[in-house]
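Analysis of the macromolecular model
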Amino acid sequence: MKKIVCALLFSLFLLIALPHSGHAATATPQTKIILDGQELVLPSDVEVVNLNNNVMIPIRVVAENLKFNVKWDQKSQNVSIEQNAKVLSLNVGKKEARVQNEKVTLNTAPKLIKNTVVVPLRFVSEEMGLAVSWNNKEKIVGLTSTEVPPLVDPTPAPAVPDVDNAGWNKVNDISFANQQLVVSVDTLVTPQITRLSNPDRIVVDLPNTTFGDIGSTLQQGTMGKLDVSGIANVTEVRYALFKNDPAQVRVVIEMNNLSDVQVSSQYISGKLIVDLAMTAAIGIPVSPVGNDGGKSIVVIDPGHGGKDPGTIGISNTQEKDFTLPLALKVQALLLQEPDIEVVMTRETDVYPTRPERVQLANTLNADVFVSIHGNSVKASPQTTGTETYYYKRSSSKELADIVHRHLIEALGFKDRKVKNGNLEVLRNTTMPAVLLEIGFLSNLVEEQAMLSDSVQNKAAHAIVDGIKEFLHQSQ
Ligand SMILES: [Zn+2]
């Protein structure tokens, strides 16, 4: 049976259409297809073509690799593709297709070119569970299977060229909220921003940039996606490594309507912020300030960092080495929250200035700002306890009360109360903002506790519980 299928496959190429400008059936040789990070070897008789604004790629090799069961009926010009229990049925020259027993309409009819059947991109990506990306400049089609088992061949895949990443800028985080794309890059990168239509989208290219922490599994051609459900006008945000050498990260923001969107970008506190401000005079609802499709933006600020160690603990601990790991635990928990978009003022041992931290939160129109610190009174090593600061605003006090209560409950440190403090990050931020002094690094017992993963995990859960309670309450 397998042999028959393979023989059938050999005479069958399904092609994927991709939005692209061009004219009928122009051959675009040297196009690469990268499936799950591996470049597929295209037989010499198989070419990627450009057909009426669609880049069409042969999927025979893809289908083979994904173990799709494909049947081609010459007489009826029908292709049927079986994937797990799902059957897709397509006919050459007909826009109407069937998924199981449901009719679907393709935007382009499958076509036979040199024994090659072509189908549109969306059909493949939506119906066959493939994530698809297209790098027009580099002519790379990226396909990512989600539910399909990996290759049968047990021999290890040829290693992706071991690129020395040391020289490239690194992306450590990507998020999208308040009509703003936020990319954490460890170096100032000048993005190349391109507006494209059909579908409307904004392409943000970051030259000489690769993925840092978030992208260890993202090889060239594979892709990640952000959850943008409920965000006005935005249908998809995806990101991929499109080039290895020189490295290049590409983020694509797909939108319903780009015509009234004004794109601007700035770089604050290690974050590239691409702002998609919508002019108000159009029919699309402009998302209200501070509200992004129900998602709340939480800015987590690990105190100090880089050249600024913060206070020094009784065992010569540097405060920055306590604040960052705790803040990263908070980030990890917040990333699990579907209604929260978390943005860090820093993810590594760097020093954003206080005005930068404030500006980041204000620019993002964040809903909550939480700065994490450790206390110290060298002259009084017996002093212990948790204290929480806010400045003036009642909303900040409310947030402080809630988070503080959770911290006291979780850690059991002495309750040093919620206090009003004229601190720059609290005074100059425009949203509910708190500064947490979790405990005293100048006290030996508390210092050891604060440096332990178990206490940090408790603190992280307490902070997240507090933020969630506050957001829930203020809705
Ligand atoms: Zn501090």
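Along each chain, residues carry numbers from 1 onward, in the same order as the chain's sequence is written. Reporting of local features is limited, given that this is a predicted model, to residues whose pLDDT is at least 70; pairs of side-chain atoms are given and counted only at 80 or more, and all residues count toward the totals for whole chains, interfaces and linings. Note: side-chain values were computed over all heavy atoms of the structure, leaving out hydrogens and water.

1. Re the overall build of the protein chain
We apply this condition: Numbering of helices and strands runs from the N terminus; a helix is a DSSP stretch of H or I covering at least four residues, while a strand is a stretch of E covering at least two. Working definition: with a 1.4 Å probe on protein chains only, accessible area under 20% of the residue-type maximum means buried, over 50% means exposed, and in between means partly exposed. Contacts are assigned to residue pairs with any non-hydrogen atoms lying within 4.5 Å of each other. Per-residue and other accessible areas were derived by the Shrake-Rupley procedure at a 1.4 Å probe size, with only the shown protein chains allowed to occlude residues.
Tallying secondary structure elements over the protein chain gives 9 helices and 31 strands in all. Taking all 475 residues of the protein chain together, the buried fraction comes to 53%. The long-range share in the protein chain, meaning contacts at least 24 apart out of those at least 6 apart in sequence, stands at 68%. Carbon and sulfur atoms make up 51% of the accessible area of the protein chain, which totals about 20900 Å².

2. Remarks on the pattern of salt bridges
We count it as follows: Salt bridge criterion: a side-chain nitrogen from Lys or Arg within 4 Å of a carboxyl oxygen from Asp or Glu.
In the structure shown here, the tally under the stated rule is 15 salt bridges. One salt bridge in this structure joins Glu236 and Lys225, with 3.1 Å as the shortest N-O distance. Separated by 11 residues along the polypeptide, Glu236 in strand E22 (residues 234-244) and Lys225 in strand E21 (residues 223-226) bring together distant segments of the chain. The closest approach of N and O atoms between Arg405 and Glu469, which form a salt bridge, is 2.5 Å. Here the residue Arg405 occupies a position in helix H6 (residues 394-411), and Glu469 occupies one in helix H9 (residues 453-474), the gap between them amounting to 64 residues. Its relative accessible area of 36% is what places Arg405 among the partly exposed residues.

3. Some thoughts on the confidence of the model for the protein chain
For residues with low pLDDT, the predicted coordinates do not support detailed interpretation. Put simply, the test is: The pLDDT value expresses, per residue, how confident the predictor is, ranging between 0 and 100.
With 71% of its residues at a pLDDT of 70 or more, the protein chain shows a mean pLDDT of 78. This stretch, residues 1-29, has a pLDDT under 50; its non-local contacts, to residues over four places away or in other chains, come to 105 contacts. With pLDDT under 50 throughout, residues 147-164 is counted as low confidence; its partners more than four residues away or in other chains account for 13 contacts.

4. Brief notes about unusual backbone geometry
A positive phi angle is found at Lys392, which is not glycine, with a value near 65°. Inspection of the secondary structure puts Lys392 in the loop between strand E29 (386-390) and H6. Overall, Lys392 belongs to the exposed group, its relative accessible area being 62%. With a phi angle near 75°, Lys417 is a residue other than glycine that sits in the positive phi range. For Lys417, the position within the fold is in strand E30 (residues 415-420).

5. Some points on the side chain of Lys320
In plain terms, the rule: Identification of polar contacts relies on pairs of N or O atoms within 3.5 Å, with a donor-acceptor requirement for protein atoms, meaning one able to donate a hydrogen and the other able to accept it, and with residues adjacent in sequence counted only if both atoms are side-chain atoms.
Summarising the element assignment, Lys320 is placed in helix H4 (residues 320-334). A distance of 3.2 Å separates polar atoms of two side chains, one belonging to Lys320 and the other to Asp349. Beyond its immediate chain neighbours, meaning those up to four positions away, Lys320 contacts Gly303, His304, Gly305, Gly306, Asp308, Pro309, Pro325, Arg346 and Asp349.

6. Topic: H9
Note the following rule: Multiplying 1.5 Å by the residue count of a helix minus one yields the expected span of that helix.
In a regular helix each residue adds 1.5 Å, so 22 residues correspond to 32 Å; H9 covers 31 Å between its end C-alpha atoms and thus fits that length. Buried within H9 we find Val455, Gln456, Ala459, Ala460, Ala462, Ile463, Val464, Gly466, Ile467, Phe470 and Leu471.

7. Regarding the sheet that holds strand E18 (residues 192-196)
Applied cut-off: Only strands joined by at least two bridges in the DSSP assignment are considered to pair. With axes taken as lines fitted to C-alpha atoms, and helix axes fitted only over the stretch in contact, angles between N-to-C directions fall between 0 and 180 degrees.
Pairing within the open sheet is antiparallel, and its 5 strands lie in the order E18-E19-E23-E22-E21. Whereas interior strands pair on both sides, the edge strands pair on one side only; in this sheet they are E18 and E21. Strand-to-strand twist in this sheet, taken as the mean axis angle between neighbours without regard to direction, amounts to 20°. Bridge count for E22 against strand E23 (residues 247-255) is 9 bridges, and the pairing is antiparallel. Residue Glu236 lies in a different strand from E23, and its bridge partner there is Glu254.

8. Observations concerning the environment of Val370
Looking at the element boundaries, Val370 is found in strand E28 (residues 368-375). A sequence separation of 62 residues divides Val370 from Pro432, and the C-alpha atoms of the two residues are 8.6 Å apart. Other than its neighbours up to four places away in sequence, Val370 contacts Val299, Ile300, Asp301, Val434, Leu436, Ile463 and Ile467.

9. Points about the pairing of strand E19 (residues 201-207)
Of all 7 residues making up E19, 6 are buried, and the element is well covered by its neighbours. By the bridge criterion, 5 bridges tie E18 to E19 in an arrangement that is antiparallel. Of the residues in E19, the one forming a bridge with Leu196 is Arg201. Taken together, E18 and the strand that follows it, E19, pair antiparallel across an intervening segment of 4 residues, in which Asn198 is found at a positive phi of about 60°. In this sheet, E23 lies alongside E19 in antiparallel orientation, the contact comprising 7 bridges. Its bridge partner being in E23, Asp205 is matched across the sheet by Arg250.

10. Here's the deal with the packing of helix H8 (residues 444-451) against H9
Applicable threshold: The labels follow the angle: roughly parallel below 35 degrees, roughly antiparallel above 145, roughly perpendicular from 65 to 115, and oblique for the rest. Amino acids outside the nonpolar list (Ala, Val, Leu, Ile, Met, Phe, Trp, Tyr, Cys, Pro) and the charged list (Asp, Glu, Lys, Arg) are all regarded as polar, and Gly is one of them.
For the pair H8 and H9, interaxial distance at closest approach is 5 Å and the crossing angle is 75°. Overall, the two elements H8 and H9 adopt an arrangement that is roughly perpendicular. Side by side, H8 and H9 meet where Ala449, Met450 and Leu451 of the first sit next to Asp453, Val455 and Gln456 of the second. Grouping the amino acids of the contact of H8 with H9 by side-chain chemistry returns 4 nonpolar, 1 polar and 1 charged.

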